[in-house]
Amino acid sequence: MNEPAKKRPEFRNLNLFSDIPTYRLPLAALVSILHRVSGLLMLVLLPLIIWMFDKSVSSEISFGTFRAAFNAGIGFVPAWLLKLVVLALIWAYLHHLFAGVRHLWMDVTHHTTKEFGRQTALATLVAAVVLTALLGAKLFGLY
């Protein structure tokens, strides 16, 4: 009845400088982390969203101010910087939408195989980046 004791696994803390740069995240984990980052970005940029909505629908004069901000800048903020911030907001919205739908689909269907998670994570990343590039080209006046 005397069984030899199994060796317990050794757990150690991660070294931030040597372990973290070499760790490879799976795509599903990257999408999950970016889902949180995009939500935080939208929350931080909420005052800008409210300002843009207010200026775009209040009156024709305020809409002219809105357009001028994107053409010549507003105050000390140049137009290109405002467009980059709006481009980041576009990416955040699209990624958060696609990742949220992905998470809801997996929760509802309980379809959580490793391969399905990798495929849907890749589809989420590609769809968000492609649509952001298309809308960014429109935002910067390429078409």
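Keep in mind the model is a prediction, meaning the values are calculated, not measured.

**Digging into the UniProt feature "binding site: heme" (unreviewed entry) in the protein chain**
Right, on to step 1. Feature annotation in UniProt places "binding site: heme" (unreviewed entry) on His96, given in this structure's numbering.
Right, on to step 2. Secondary-structure assignment places histidine 96 in helix 4 (residues 79-109).
Right, on to step 3. For histidine 96, a relative accessible area of 25% gives the class partly exposed.
Right, on to step 4. Ignoring anything within four residues of it in the chain, the contact list for histidine 96 reads His35, Ser38, Gly39 and Met42.
Right, on to step 5. In this structure the side chain of histidine 96 is engaged in a polar contact, spanning 3.0 Å, whose partner is the backbone oxygen of histidine 35.

**Notes on the side chain of threonine 124**
Right, on to step 1. Counting through the fold element by element, threonine 124 comes out in helix 5 (residues 114-139).
Right, on to step 2. By relative accessible area, which is 5% here, threonine 124 ends up buried.
Right, on to step 3. Setting aside residues up to four positions removed in sequence, threonine 124 forms contacts with Val31, His95, Phe98, Ala99 and Arg102.

**Topic: the packing of aromatic side chains**
Right, on to step 1. For the structure on display, the rule yields three aromatic pairs.
Right, on to step 2. Each ring, one from tryptophan 51 and one from phenylalanine 66, has its centre 6.4 Å from the other, and the planes form 50°; the classification is tilted. In this pair, tryptophan 51 sits in helix 2 (residues 46-57) while phenylalanine 66 sits in helix 3 (residues 60-72), placing the two residues 15 residues apart along the sequence.
Right, on to step 3. Judged by its relative accessible area of 24%, tryptophan 51 falls in the partly exposed class.
Right, on to step 4. Phenylalanine 66 sits in the buried class, given a relative accessible area of 17%.
Right, on to step 5. Put simply, the rings of Trp51, Phe63, Phe66 and Phe70 pair up and form one aromatic cluster.

How each quantity is defined
- Residues numbered from 1 in each chain as written.
- Predicted model: local features only at pLDDT ≥ 70, side-chain atom pairs only at ≥ 80, totals over all residues.
- Heavy atoms only, no water.
- UniProt positions renumbered as here; feature names shortened; annotations may be inferred.
- Helix = DSSP H or I, 4+ residues; strand = E, 2+ residues; numbered from the N terminus.
- Buried < 20%, exposed > 50% of the residue type's maximum accessible area, 1.4 Å probe, protein only.
- Contact = heavy atoms within 4.5 Å.
- Polar contact = N/O pair within 3.5 Å; in protein donor to acceptor, adjacent residues only side chain to side chain.
- Phe/Tyr/Trp six-rings, centres within 6.5 Å; stacked < 30°, edge-to-face > 60°.

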